Amino acid sequence: MALLFFSGCIGTKNLNQGEHLLSQQSIKGNKNVETEQLAELYQQKPNRKVLKVFPVSLYTWMYQIGARKFDSTKVLEKKAKIARKFDQKIEKQVAASNEKKVAKLSSRKATKLAKKDDVLENGNSFMKMGEPLAVYDSTLTESTVDKMTKYLHNKGFFHGKVSADVKTKEKRVSVVYRVTEGIPYTLDSLMLVTGDSAVTKLISGTSESSLLKAGDNYDTDNLDAEIIRIENLMKDNGYYEFGRGLVEYAVDTAILGNRRVAIKTIINNPSKRGFHKVFKVDTVIFTTDANVPTTKLYRQTRNFNRITYRFFEEKYSKKILDRRLFIYPGDLYSKSKTFSTQRQLANLDMFKFVNVNYDTTGNKFIANIFTSPLNRNQLTHEVGINVTANQRVPGPFYDFNFKNRNTFGGLEILEFNGRIGINGVASYSNEGAIANSRELGGNLALTIPDFVFPLSNSMKSRLGQLNPRTQFSVGYDFVNRIDFTRDNLSTSVKYFWQRDQSRLFTFALADLNLIDTRNISPEFQEELDESDSLGTSFHRAFEPSFVSSMYLQTIFDFNQYGTYQKNSSYLRTFVESGGTFLNVYGTKFLEEDSLENYKFVKLNIDYRKHIPLPIQGGVIAYRINAGVGVPYGDNKILPYEKNFFAGGSSSIRAWGPRRLGPGTYSPINEDGDIDYNFEQPGEIILEASIEYRQKLIGFLDWALFFDAGNTWTIRDDVGDDGEVRRPGGKFESDFYKAIALGTGMGFRMDFTFLILRFDMGIKVYEPARPEGERWVLRDFKFGGIEGSTDNSITLNIGIGYPF
């Protein structure tokens, strides 16, 4: 820790005579232009710190450690030695006329030399993980001033100015960029000049979509975006040869005066043709097996709905393919329809590639579609170690997936997923012992690239742009533990569609589960009875039952959430109706087989936001999750799996998985302490989390987080004796008093293909304690026992980010 503390001083100690360290910079005076946009124009940045408020520069300290050991002369010597060694080996293989060995050695030589070149350019490992001193450069400050000034002008502040206030204290420099925006210039007169009446009519007819509006501030970004809009408009209306280079602006700030701008949009004619030609598709040719090796000399040809299909072997349903095509003879060329055709054919998961190009030779305009099929059968495997919160000993698992494409010739996909696993879990029959849990599961699914529903052919063709799919599936899961044996037979009918990559929809017409648990040991039955006496519905999960539902799920992904590289957000809504069919058919047939049944409605909304920060490379991410499930059947309970749970690695991280709530309910054990051993289901959930993320070193990131939330029940859970079994769990008007608070920090190992997460949470506010004793941060014990009344660290291990 001492090294980290004094690392802030190490930077200035390594400065040469006359050098200063850039310690901080800021922007002041701007009122309309965003600070974040101006900050992106910094030509020099201070050294990163673990936290901005700490005078700690871990990265410069690491760089200096590496720099002290770095010797470019030795690296050059090693590079020369490597070259000589490989040259000798290559020379021998050349003499032996072994071309394969020569190529292999040459490749290895190039790889090793490239690594040494990288070291010469970027330094050793410590230097790469760190960063060199941000030695203040006044020329870069001047460059920043120039770029900020130009940015103001581009945003319409033509008289805007930027100056740099540089202050030096000892060996450190701070810079304040002072911005004087002035009064912005606004658009007043907008004119269009084309020389082609058809082009004028087309562009003028879409003026409401124009990004240039009278009264708006002058903004070069809007000018550029308008050029792109015009180009797309033209290319969607037959102007195949049109390019954005044909659009130019004449901007006049003097003719109108009073800071008003006149803009003339000029559409030039193409230099070669001299006029704007409208292209109409003459023929569409679809080759379904491009680049497929074959002994056949000629392809067959078939015509369907004005499309010419070419193939060596007729495999695919032309009716289904036709619903994914949006280019037809007689249509005007359309860029968006071309992209839609490519995208929807690719969505079929049938082809290695999809290519659409146009042939203009011979005074014809021919659309050529080329696809190359993927392997019909595909088998993938995965072997790993399974780790969950309920396991005592990690266990191995084997997953496999078999995929058969175009099963019945209608571009269907038949998939079978299987899983075998063995885990070490706590045994209730033999306290303290570890018992094996054997799991076996499989799911068979048939996906049809269409809506299996009585719709007209024309309607199904129009719906082709939504990537429609219907999936029929059946699955079976088997769990064999020393305390019980469990079977789950499931089947479902689901519809999938998407407006684009950012809007996904799932509608389950039927999702049915038949659950049976047998061979329950006496010791485990006692555990279930105890959970029942404490008011949880955990025992319900082990009763023979039939769970049916239908649901609609929508996902809106704004700006590619999940890539974590840009400002983005994610919204998921989920609406479910359970037991809907039972309202029609009744429950008598289930009661005859002693099967528990459920009727309920459920709503869940999950919103997430990711905001990159321009300073220190940090990120702010937050999540809001809310849901309610209302049972209305005779038993007035939700199926156990349909409850909401709080606590765990993707929830309130200061509590164990599913151990928080409901409300202020306090499960007390025999010793008078809060008992965290039982899961606590709820019918209402409110959660909010926020965390600050930042790269630390190399692939290691760190985060600070704060979580809040809880679950509640809709009504009091009253036992057979008339007593409320989970007092304080009901959602009341003073629900805010039951919102648990937790905080902590975490480390994330980002391996690009996998993010391994370790989050350590501690309780701040524990609603299960008596009022007046709920603020428990002061009771934190670093060496406390997790799950006890001590406010100890709760370690959460997860894959990927929590949200």
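Everything numeric in this text was worked out from a predicted model, so none of it was measured.

Visitor: Mind showing me how you'd approach unusual backbone geometry here?
Guide: Backbone geometry follows two general trends: most residues other than glycine have a negative phi, and most peptide bonds adopt the trans configuration. Gly661 connects to Pro662 through a cis peptide bond whose omega is -10°. Looking at the secondary structure, you find Pro662 in the loop between strand S24 (619–631) and strand S25 (684–697). For Asn467, which is not glycine, the phi dihedral falls at a positive 50°. In this structure, Asn559 is a non-glycine residue whose phi angle is positive, near 70°. Residue class for Asn559 comes out partly exposed when judged on its relative accessible area of 43%.

Visitor: Can you help me understand the sheet that holds strand S6 (residues 260–267) in this one?
Guide: By way of backbone hydrogen bonds, the strands of a sheet pair with one another, either parallel or antiparallel. Reading across the sheet, the 3 strands line up as S4-S6-S5 and stay open at both edges, with mixed pairing between neighbours. Sheet topology places strand S4 (186–193) and strand S5 (247–252) at the edges, where each strand pairs with a single neighbour. Within the sheet, the average angular offset between the axes of one strand and its neighbour, ignoring direction, is 20°. The sheet contact formed by S4 and S6 spans 7 bridges and is parallel. Along S6, the bridge assignment pairs Met191 with Lys264. Helix-sheet contacts for helix H9 (residues 220–235) involve S5 and S6, and the interaxial angle to S5 is about 145°.

Visitor: What is the right way to look at helix H8 (residues 197–204) in this model?
Guide: Each α-helix turn comprises 3.6 residues. Residues three or four places apart therefore point the same way. Taken residue by residue, H8 has Val199, Leu202 and Ile203 as its buried positions. Angularly, the buried residues of H8 cover 90° about the axis, an arc narrow enough to put them on a single face. Across H8 from its buried face, at more than 90 degrees, point the exposed residues Ser197 and Lys201. If you follow the buried residues of H8, they end up packed against S4, H9 and S6. Here H8 starts with a cap whose side-chain oxygen sits 2.9 Å from the backbone nitrogen of Ala198, and that cap is Asp196.

Visitor: Please explain a positive patch on the surface as it appears in this structure.
Guide: Taken together, the side chains of Lys74, Lys78, Lys81, Arg84, Lys85, Lys89, Lys92, Lys101, Lys104, Arg108, Lys112 and Lys115 make up a positively charged region of the molecular surface. It is helix H4 (residues 72–95) that contributes the most residues to the positive patch, 7 residues altogether. Turning to its location among the elements, Lys89 is positioned in helix H4. Note on Lys89: relative accessible area 34%, which makes it partly exposed.

Visitor: I'm lost on a negative patch on the surface in this one. Help?
Guide: Taken together, the side chains of Glu591, Glu592, Asp593 and Asp634 make up a negatively charged region of the molecular surface. Topologically, Asp593 is positioned in the loop between helix H15 (588–591) and strand S22 (596–597). What makes Asp593 exposed here is its relative accessible area of 55%.

Visitor: Please explain empty space enclosed by the protein as it appears in this structure.
Guide: Left-over empty space is what a probe sized like a water molecule reveals as it rolls over the atoms. Applying the stated criterion across every chain, the model contains 7 cavities of 30 Å³ or more. A volume near 80 Å³ is recorded for the largest cavity. The residue makeup of the lining of the largest cavity, split by class, is 9 nonpolar, 4 polar and 3 charged.

Visitor: Please clarify how the nonpolar core should be interpreted in this entry.
Guide: Generally speaking, nonpolar side chains in soluble globular proteins are found buried as a group. Core analysis: the largest hydrophobic core is formed by 26 residues, its most contacted members being Phe286, Leu321, Leu325 and Leu345. Not counting chain neighbours up to four residues away, the residues in contact with Leu325 comprise Phe286, Ile307, Tyr309, Thr341, Leu345 and Ile369. Tyr185, Leu187, Val199 and Phe242 belong to the second largest nonpolar core, which has 20 residues in total.

Visitor: Is there a simple way to explain a nonpolar patch on the surface in this structure?
Guide: Taken together, the side chains of Leu379, Phe402, Phe416, Leu444, Val474, Tyr476, Leu489 and Leu514 present a nonpolar region at the surface, about 650 Å² in accessible area. Within the fold, Leu379 resides in strand S12 (residues 377–386). Leu379 gets classed as partly exposed once you look at its relative accessible area, which sits at 49%.

Visitor: Help me out: how do you make sense of the sheet that holds strand S7 (residues 283–287) in this one?
Guide: Strand order in the open sheet formed by 5 strands is S8-S9-S7-S11-S10, and the pairing between neighbours is mixed. Strands with a single pairing partner mark the edges of an open sheet, and in this sheet they are strand S8 (300–304) and strand S10 (351–359). Between one strand axis and the next, the sheet turns through 20° on average, direction left out of account. When S8 meets strand S9 (residues 307–311), the two strands line up antiparallel, connected through 5 bridges. Looking across to S9, one finds that Phe304 is bridged to Ile307. Contacts between helix H11 (residues 335–346) and the sheet are confined to S7, S10 and strand S11 (366–373), with S10 contributing the most and set at about 160° to the helix.

Visitor: How do you make sense of H4 when you look at a structure like this?
Guide: Over its 24 residues, H4 runs 35 Å from end to end, which matches the ideal 34 Å to within 8%, given 1.5 Å per residue. Among the residues of H4, those classed as buried are Val75, Ile82, Ala83, Phe86 and Ile90. Contacts made by the buried residues of H4 are with helix H5 (99–122). Positive phi shows up at Ser97, right after H4, with a value of about 60°.

Visitor: Honestly, the packing of H4 against H5 in this entry has me stumped. Any pointers?
Guide: When two helices pack together, you describe them by how their axes are tilted relative to each other and by the distance separating the axes. Running from N to C, H4 and H5 cross one another at 175°; their axes reach a closest spacing of 10 Å. It follows that H4 is roughly antiparallel to H5 by the angle criterion. Residues of the contact of H4 with H5, tallied by class, amount to 12 nonpolar, 3 polar and 10 charged.

Visitor: Explanation requested: the pattern of salt bridges in the structure shown.
Guide: Two side chains bearing opposite charge may form a pair once their charged atoms approach each other closely. Per the stated rule, a full pass over the model turns up 35 salt bridges. Among the salt bridges present, the one from Arg260 reaches Asp188, with a minimum N-O distance of 3.5 Å. Of this pair, Arg260 sits in strand S6 while Asp188 sits in strand S4, and the two are 72 residues apart along the sequence. Under the relative-accessibility criterion, Asp188 is labelled partly exposed at 34%. The partner of Arg623 in a salt bridge is Asp606, and the shortest N-O contact between them spans 3.1 Å. Residue Arg623 is located in strand S24, and its partner Asp606 is located in strand S23 (residues 600–612); the two are separated by 17 residues in the primary sequence. The buried category is assigned to Asp606, whose relative accessible area is 3%. Beyond isolated ion pairs, a larger network of salt bridges with shared partners links Arg653, Glu691, Arg693, Asp707, Arg748, Arg757 and Asp759.

Quick notes on the rules
Counting restarts for each chain: residues are numbered from 1 in the order of the written sequence. Only residues with pLDDT of at least 70 are given local features in this predicted model, and only at 80 or more are side-chain atom pairs given and counted; all residues enter the totals for whole chains, interfaces and linings. Neither water nor hydrogens contribute to the side-chain values; these are computed over all heavy atoms in the structure. Strands are runs of DSSP state E lasting at least 2 residues, helices are runs of H or I lasting at least 4, and numbering of each runs from the N terminus. Accessibility here uses a 1.4 Å probe with only protein chains present; expressed as a share of the type maximum, an area under 20% marks a residue as buried, one over 50% as exposed, and anything in between as partly exposed. Pairing between two strands is assigned when DSSP locates at least 2 bridges connecting them. For helices, the fitted axis covers only the stretch in contact; all axes are lines through C-alpha atoms, and the angles between them, taken along N-to-C directions, range from 0 to 180 degrees. We call two residues in contact whenever any of their non-hydrogen atoms come within 4.5 Å of each other. The arc in question is formed by the directions pointing from the helix axis toward the C-beta atoms. For this analysis, a polar contact is any N or O atom pair within 3.5 Å, provided that within protein one partner can donate a hydrogen and the other can accept it, and provided that sequence-adjacent residues contribute only side-chain to side-chain pairs. Note that patches include only residues with greater than 30% relative accessible area and no salt bridge, and the join distances are 9 Å for like charges and 5 Å for nonpolar side chains (Val, Leu, Ile, Met, Phe, Trp, Tyr). The accessible surface values rely on the Shrake-Rupley method and a 1.4 Å probe; as for residues, cover is taken only from the protein chains in view. Any Lys or Arg side-chain nitrogen found within 4 Å of a carboxyl oxygen on Asp or Glu counts as a salt bridge. Two residue types count as positive, namely Lys and Arg, and two as negative, namely Asp and Glu; His and chain ends fall outside the count. Charge positions are represented by NZ for Lys, CZ for Arg, CG for Asp and CD for Glu. Points on a 1 Å grid over protein atoms alone make up a cavity when a 1.4 Å probe fits among them but cannot get out, and a pocket when they form an open set with protein on both sides within 12 Å along at least five of seven lines; lining residues each have an atom within 4 Å of a point. Grid points are joined across faces, edges and corners, and a volume is the space filled by probe spheres set on the points. Three classes are used: nonpolar for Ala, Val, Leu, Ile, Met, Phe, Trp, Tyr, Cys and Pro, charged for Asp, Glu, Lys and Arg, and polar for all others, with Gly counted as polar. In plain words, nonpolar cores are sets of buried Ala, Val, Leu, Ile, Met, Phe, Trp, Tyr and Cys residues tied together by side-chain atoms within 4.5 Å. For a helix, the expected span equals 1.5 Å multiplied by the residue count minus one. Working rule for angles: under 35 degrees goes down as roughly parallel, over 145 as roughly antiparallel, 65 to 115 as roughly perpendicular, anything else as oblique.

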